[in-house]
Amino acid sequence: MNFREQVDLDNLPKHIAVIMDGNGRWAKKRGGLRIFGHQSAITAVRETVEAAAELGVEYLTLYAFSTENWSRPATEVSALMQLLVSTIRKETATLNKNNIRLQTIGNTDSLPKACQRELLEAIEITKGNKRMTLVLALSYSGRWDIAQAMQRIAVEVGHGTIAPQDIDEATIAGHLSTAGMPDPELLIRTSGEQRISNFLLWQLAYTELYITELLWPDFRKENLYEAIIAFQKRERRFGKTSEQLTK
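Position numbers for residues start from 1 in each chain and track the written sequence from start to end. Per-residue local features are limited, in this predicted model, to residues with pLDDT of at least 70; the limit for side-chain atom pairs, both in listing and counting, is 80 or more; totals at the level of whole chains, interfaces and linings are taken over all residues. Hydrogen atoms and water are omitted, and side-chain values are computed over all heavy atoms in the structure.

Undergrad: Looking at this structure, how should I read the overall build of the protein chain?
TA: The secondary structure listing takes helices from DSSP runs of H or I that are at least 4 residues long and strands from runs of E that are at least 2 residues long, numbered from the N terminus. Helix and strand counts for the protein chain come out as eight helices and six strands. Element order for the protein chain, N to C, with α for helix and β for strand: β-α-α-β-α-β-α-β-α-α-β-β-α-α. Its C-alpha radius of gyration of 19 Å places the protein chain within 12% of the 18 Å reference for a compact globule of 247 residues. Based on the C-alpha atoms only, the size of the protein chain along its principal axes is roughly 55 × 45 × 35 Å. For each residue, the accessible area found with a 1.4 Å probe, counting protein chains only, is set against the maximum for its type, and the residue is called buried under 20%, exposed over 50%, and partly exposed in between. Evaluated residue by residue, the protein chain yields a buried proportion of 46% over its 247 residues. C-alpha atoms define the radius of gyration, and 2.2 Å times the number of residues to the power 0.38 defines the globule rule.

Undergrad: Just to check I follow, could you spell out the side chain of Glu 91 for this structure?
TA: Assignment of secondary structure puts Glu 91 in helix α3 (residues 74-97). Using a relative accessible area of 18% as the deciding quantity, one classes Glu 91 as buried. Of note is the side chain of Glu 91, whose polar atom sits 2.7 Å from the side chain of Arg 46. N or O atoms closer than or at 3.5 Å make up a polar contact, with two conditions inside protein: a donor-capable atom paired with an acceptor-capable one, and, for residues adjacent in sequence, both atoms drawn from side chains.

Undergrad: What should I look at first to understand the side chain of Glu 185 in this one?
TA: Counting through the fold element by element, Glu 185 comes out in the loop between α6 (169-173) and β5 (186-189). Only 2.5 Å separates the side chain of Glu 185 from the backbone nitrogen of Lys 14, close enough to count as a polar contact. Any two residues having at least one pair of non-hydrogen atoms within 4.5 Å are treated as being in contact. In this view, Glu 185 contacts Pro 13, Lys 14, His 15, Thr 207, Glu 208, Phe 231 and Arg 236; residues no more than four positions away in its chain are not counted.

Undergrad: Hey, could you run me through the packing of aromatic side chains in this one?
TA: One pair of aromatic rings is described through two measures. These are the centre distance and the angle between the planes. Two aromatic rings from Phe, Tyr or Trp, using only the six-membered ring of Trp, form a pair when their centres are within 6.5 Å; if the ring planes differ by under 30 degrees the pair is stacked, by over 60 it is edge-to-face, and anything between is tilted. As enumerated under the stated definition, the model contains seven aromatic pairs in all. Relative to Trp 144, the ring of Tyr 140 has its centre 6.0 Å away and its plane inclined at 75 degrees; by these criteria the two rings are edge-to-face. You can call Trp 144 partly exposed: its relative accessible area is 25%. Between Tyr 140 and Phe 199 the ring centres are 6.0 Å apart and the planes differ by 90 degrees, which places this aromatic pair in the edge-to-face class. Residue Tyr 140 is found in strand β4 (residues 132-140), and its partner Phe 199 is found in the loop between β5 and β6 (208-211); the two are separated by 59 residues along the sequence. Across this residue pair, the class does not change: Tyr 140 and Phe 199 are buried. One aromatic cluster is present, formed by Tyr 63, Tyr 140, Trp 144 and Phe 199 through successive ring pairs.

Undergrad: Quick question: what am I supposed to make of the environment of Phe 36 here?
TA: Among the secondary structure elements, Phe 36 is positioned in helix α2 (residues 34-55). Measuring from C-alpha to C-alpha, the distance between Phe 36 and Gly 24 comes to 8.0 Å, with twelve residues separating the pair along the chain. The residues touching Phe 36, leaving out its near neighbours within four places in the chain, are Trp 26, Ala 27 and Arg 30.

Next comes the structure, spelled out in structure tokens:
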């Protein structure tokens, strides 16, 4: 079955977020180390980015490394950081060729210097691209994001540029790391886990969740199409009734 033909291109989510889960389990099933799963996941990332850009999705955010991931074994974290550096270096030219802009969200100052350099270079090279924005969430957590927004707002209150009574949802959204981006309309999580794992806590308030048992290294373009088709079949009411939507 060709799922792409079933995708309604006039009803695409502008922003898709993905929790890429299951790399370790995928590797364990094959008798390999966890890093083997992370390496094998690069194909899934490439196919997902390509498929989203080809369809016309405007923003794709990938949860690549959470703040909690720092507590994993040091050997795995080190290998992940090396893989991140080499992957960005290899893929930047492809992103640029396909008119895709790279951005990051998260506490990237905590990343190794080599990672920071590669990221900054790739962001600079691709900054003028307009087809799609690929956002890597690195050393990211939703609680960190909200906390840093509160800190920035508090500084502005202290300077007198914002009055406490004027702080509203738009003020908070404008100080999050995703400021200027639409909130995700669709969140995809692989591996069957049914939680959001401290990801985009503010931004996911009305996001549609799509959970698949598929482990991330096995995710391909057809699986993205399936998720979008499922999203397009849902009624998004935002607190209203079905009857109100039809008026």
